[in-house]
Amino acid sequence: MSGSEAVLVLGEALIDLVPVAGEPEVRRAQPGGAPANVAVGLARLGRPVAFAGALGGDGFARRIERRLVDAGVDLGLCARSELPTALAVADPGESGTGYHFHLESTATFRFPDRAADLGRFGAVYAGGLAAVVEPAAGAVAATARAAARHSLLVVDPNVREDRTLDGDRSLGLLRELCALAHVVKASDEDLVGLWPETDPDESCRRLAAEGRLVVLTRGARGATAYTPDGPQVSVAAVPVEVVNTIGAGDAFMAGVLAWLGTAGGWDRALSPERAEHMLTFASQVAASVVAQTGTEPTSPAHA
């Protein structure tokens, strides 16, 4: 795996329990976790990628492993445990999908920092629940600090609210990751959660002015890129009949990373034209998830 081309994805692979259409009381088990979704998305888009999380000893873990391996994700840095897999119970609503988490005494968040392995990778992704749930949070922070010095550090803060999470502490950890990052991808809801007194657009301009590439997603209202030196660039969402929204943001993130590695050579100082190309590609990847059941993206036909 080439260090200049490969991506290290750090975080959780868990099971989402999602509603079954027409049966509101029934939940279907589906492999998920934002980092695992990003890793699978990158592999499906043809990027060399390693997943550095942890897998348990139950049937859910075996299903997750099959998904990652079948996509082409390298699991050489994935920790192993006999503990069970964490669960996220999806609760879709008018304002989006909320989650209730079952995390205690699971394998999912028991993995070491990977700072010593960063020489193999051109980019490192950090985000998801692992950024705020111990013991993984300490490993994510240590690896991110090293990646900020040696690789392209890409952060998706993925703000979650649940009684199992320490809200103030979680937000502080996510703000620290954003401060370390070279690239930040966030939804407008994420930014309101992180900086509630500031308009999301202003938060993006501030982060970009400090030298970052910032990508703001607004669901059906499209996406905007903010660069340190150029004007902000926006694209509309790809028109599609919505079947599923779970994993769409992760697919968009995979699209951004795949484009940067292929077309941008990990260069975050994009011209307006290149920023538009990146957003368009990522939006098409996200649309491929929204238009189907499940979270497996496909590459745009003309890419």
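Visitor: Sorry, what's going on with the overall build of the protein chain here?
Guide: Across its full length, the protein chain holds eight helices and 14 strands. For the protein chain, the spread of C-alpha atoms along the three principal axes comes to 50 × 45 × 40 Å. Going through the 303 residues of the protein chain one by one, you find that 56% of them count as buried. Here the analysis covers contacts within the protein chain between residues at least 6 apart in sequence; of these, 69% occur between residues at least 24 apart. For the protein chain, the exposed surface amounts to about 12500 Å²; the carbon and sulfur share of it is 50%. In the protein chain, 26 positive and 37 negative side-chain charges are present, and the distance between their average locations comes to 4 Å.

Visitor: What exactly am I supposed to notice about the pairing of strand 12 (residues 213-217) here?
Guide: When you tally the buried positions in strand 12, you get five out of five residues, the bulk of the element. Burial of strand 12 is two-sided: the residues L213, V215 and T217 facing one way and the residues V214 and L216 facing the other way are all buried. Strand direction decides the pairing type here: strand 11 (residues 183-187) and strand 12, joined by five bridges, are parallel. Note on strand 12: the bridge partner recorded for V184 is V214. Where strand 12 lies against strand 13 (residues 223-226), four bridges are found, and the strand directions are antiparallel. Along strand 13, the bridge assignment pairs V215 with A225. Between strand 12 and strand 13, which pair antiparallel one after the other, the connecting turn spans five residues, and G219 there sits at a positive phi close to 60°.

Visitor: For this particular structure, what's the right way to read the packing of aromatic side chains?
Guide: Two aromatic rings are characterised by how far apart their centres lie and by the angle between their planes. Enumeration according to the criterion identifies zero aromatic pairs in this entry. Stacked on the ring of W195, the Lys or Arg R206 has its end atom at 4.7 Å from the ring centre.

Visitor: How do you make sense of the pattern of salt bridges when you look at a structure like this?
Guide: A side chain with one charge may pair with a side chain of the opposite charge, provided their charged atoms come close. Applying the stated criterion across every chain yields a total of ten salt bridges. Between R80 and E65 there is a salt bridge, and its shortest N-O distance comes to 3.0 Å. Here E65 lies in helix 2 (residues 59-71) and R80 lies in strand 6 (residues 79-80), a separation of 15 residues in the sequence. Note that R169 is salt-bridged to E134, the shortest N-O span being 2.6 Å. Remark: E134 occurs in the loop between strand 9 (123-127) and helix 3 (136-150) and R169 occurs in helix 4 (residues 167-180); sequence separation between them is 35 residues. One network of salt bridges, with partners in common, ties together D201, E202 and R205.

Quick notes on the rules
- Residues numbered from 1 in each chain as written.
- Predicted model: local features only at pLDDT ≥ 70, side-chain atom pairs only at ≥ 80, totals over all residues.
- Heavy atoms only, no water.
- Helix = DSSP H or I, 4+ residues; strand = E, 2+ residues; numbered from the N terminus.
- Buried < 20%, exposed > 50% of the residue type's maximum accessible area, 1.4 Å probe, protein only.
- Contact = heavy atoms within 4.5 Å.
- Areas by Shrake-Rupley, 256 points an atom, 1.4 Å probe, with all protein chains shown as cover.
- Lys, Arg positive; Asp, Glu negative; His and termini not counted.
- Charge placed at Lys NZ, Arg CZ, Asp CG, Glu CD.
- Pairing = 2+ DSSP bridges.
- Phe/Tyr/Trp six-rings, centres within 6.5 Å; stacked < 30°, edge-to-face > 60°.
- Lys NZ or Arg CZ within 6 Å of the ring centre and 35° of its normal.
- Salt bridge = Lys/Arg side-chain N within 4 Å of Asp/Glu carboxyl O.

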